Every structure is written in structure tokens, then in C-alpha cells.
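Working through the structure, step by step
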Amino acid sequence: SIASQKKPTLSRLSEDESYGESGAREELGQLPTELRPHIMHVPKLQKKLKDGGKWLPAITSGYLENYVKSLVFSVDDFVDTKLKCNLGVALYNETGQFVARCIVFRSRTKSSKGLFHVITSDQNIVSKAKPGYFYQLQYAVDSGHQDLLKVKGWMCKIFSGGDGPLTSYYMADKDGDYGYYFGPVNNKDQAHGNGYLEYENGCTFVGKFANGQLLNGAYYKVNQIQATMKDKKWTQEINRELQHAYPQKLQIFKREVQPEDIDYENDDSNKRSSIDLCCV
């Protein structure tokens, strides 16, 4: 597969390998700013949960600047010894009042790897989001239970798409590895132009697509370069020109949310009717 054969692993790259900020640009130029996601990233979380039914914060986004089109979630490792833990995302309005919550991942085995899920505007957690609102990744153990939770590489990418249309669909690359594509399409609704492919393993291909196929670009794990592609083929070594042409540029929130901005007192965490089950 693409992950095991075509791309270098993280262990083969130094920790300071990162995306380029300048340099060569392909003729189509960089990706539009509205296609660049905001990101919430929890590298590692380990908690012994005793207060069943209460949602606890892992990380909070900044205030949203646009309406949201999609949320892309991935987790490298999810260890839940008693199968009672939930990973979710909550939405709060501009005054810190609770709006919606969605359980994204729920344990089915004691140890899960490579979890992936996309939520679009057919769910309240996306459709109710407005400029000035903010998200928070949260975790909880079922009411009346205790559990040990271990999570690595928990990530949420927030795609706004600005005010224009954002096309997204599920597709595979030439090696049969699947992910969600974000970007322009041709008249056959195939990926065509500069866009993103968010792989199920949490990695991202940033580059040029042609008639539903990956053409040129770079492959990243968060902001660490992993591989490059030229003329539909993975290069034997990292191609720095392609890396600079297709950097993994993430948007930065202009306004951060402070803990005192969130009204936890009126958060109806224990009302099951307020929670959408979005998990796979």
C-alpha cells in the first residue's frame, strides 16, 4: 500500500524536517487560502476517568472566522481498557454557551489504530457553526463507570471553504489508499486542480490533481514532509522543489478562546438528546 511501500516512514526523517514556506511554484500556484484548514491536535492524552458522564476538555479551537463545511478527524492510537470511553467534539457560541456535541469515536476494541471520520453539513455540529463560534475536542467515560483512556495523535481539521463552494468526496489514489478530497473538480465531478486528499491514516496529500488522479504534490504527517509525487509517481527521495511548491500551510486562528470564556455551568453534557452520534 501507499503507506507501507511508497512513502518513507517518520522514523526515516529527522524531527526538524518541515514544510517549505517559499521557493518554486507550479504554474497553477498555491492552494486558495480558503482550502487551508485550521487544526486542533492532541499529540498524547492519558487519563484515568472516574467521573462518568462528564465531558472533559482536551483542546479548544480559536474563534471561527467563517462557516464550516467539514470536520476531518483522525486518531493514531486509542486504548480503552473497559470499552467505556468516548471521544467527541463540542460546539460553543460566541458567548461560550453550549450549542451541540457529537461523539466521533467510541471504543469497540481495547486498542484501536488508525481511526478516521469525516463530518459534513448534514450534522448539527457542522451546520450550526457560525463565525464567532468555537470547537472543543472532549472525552468522557460512560455514566456510572471508570476507565483508563490513552490516546495518541488525535487530530481535527476544520475546513471552512470561505463563502464559496467546497467540493469534497471519498476517493482512492493509485495504490488503493482512501481519503477525502477537498478542492475543485472537472465536469465529471473528478478531482481536478489544486487540492487536498485527507488520508484515513491522518496524513495529507497537498498538490495538483488531474481527472481524479494525483499528479504532483507532497505528502505530510501534520507538518512533517513524508514523500513527494511527480507525474503520478512517488519519488525515490523527497523532492524539495515539490515540497516548496505544495507546503502544508495551516490557517492560524486570529482570536484564541480563554478558559473563562466557556460557560460549563450551562453545558447540558448529560442530556443524551443533545448529543449526535456521528461515530463510525
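Structure: see above.
An account of the accompanying structure is given in this report. This structure is a prediction, so every number in the text was calculated from the model and none was measured.

Here we look at the overall build of the protein
- A count of helices and strands for the protein gives 3 helices and 16 strands.
- Per-residue burial for the protein yields a buried fraction of 52% across its 280 residues.
- Nonlocal contacts in the protein, meaning residues at least 24 apart in sequence, comprise 70% of its contacts between residues at least 6 apart.

Quick look at the sheet that holds strand 14 (residues 224-230)
- Sheet architecture is open: 7 strands sit in the order 9-10-11-12-13-14-15, paired in antiparallel fashion. If you trace the sheet from one side to the other, it starts and ends with strand 9 (168-172) and strand 15 (233-234), each paired once.
- Note: strand 12 (residues 203-210) against strand 13 (residues 213-221), 8 bridges, orientation antiparallel. Paired with F205 across the two strands is Y219, which belongs to strand 13.

Some words on the sheet that holds strand 1 (residues 38-49)
- Strand order in the open sheet formed by 4 strands is 1-8-3-6, and the pairing between neighbours is antiparallel. In this open sheet, the two edge strands, each paired with only one partner strand, are strand 1 and strand 6 (111-120). With direction set aside, neighbouring strand axes in the sheet form an average angle of 15°.
- Relative to strand 6, strand 3 (residues 70-80) runs antiparallel, the two sharing 9 bridges. Looking at the pairing, S70 lines up with T120 of strand 6.

Let's talk about the nonpolar core
- The biggest cluster of nonpolar side chains holds 34 residues, and the ones touching the most others in it are L71, I125 and Y135.
- Where this core is concerned, the elements lending two or more residues are strand 1, strand 3, strand 4 (85-92), strand 5 (98-106), strand 6, helix 2 (124-127), strand 7 (134-141) and strand 8 (147-159).
- A total of 5 residues in this core trace back to one element, the largest contributor, which is strand 8.
- When near neighbours in sequence (up to four residues on either side) are disregarded, L71 contacts H117, V118, I119, I125, V126, Y135, C156, K157 and I158.
- Counting residues in hydrophobic clusters, the runner-up holds 14 residues, among them V118, F159, I238 and Y246.

Cut-offs used in this document
- Residues numbered from 1 in each chain as written.
- Predicted model: local features only at pLDDT ≥ 70, side-chain atom pairs only at ≥ 80, totals over all residues.
- Heavy atoms only, no water.
- Helix = DSSP H or I, 4+ residues; strand = E, 2+ residues; numbered from the N terminus.
- Buried < 20%, exposed > 50% of the residue type's maximum accessible area, 1.4 Å probe, protein only.
- Contact = heavy atoms within 4.5 Å.
- Pairing = 2+ DSSP bridges.
- Axes fitted to C-alpha atoms, helices over the stretch in contact; angles between N-to-C directions.
- Core = buried A, V, L, I, M, F, W, Y, C linked by side-chain atoms within 4.5 Å.

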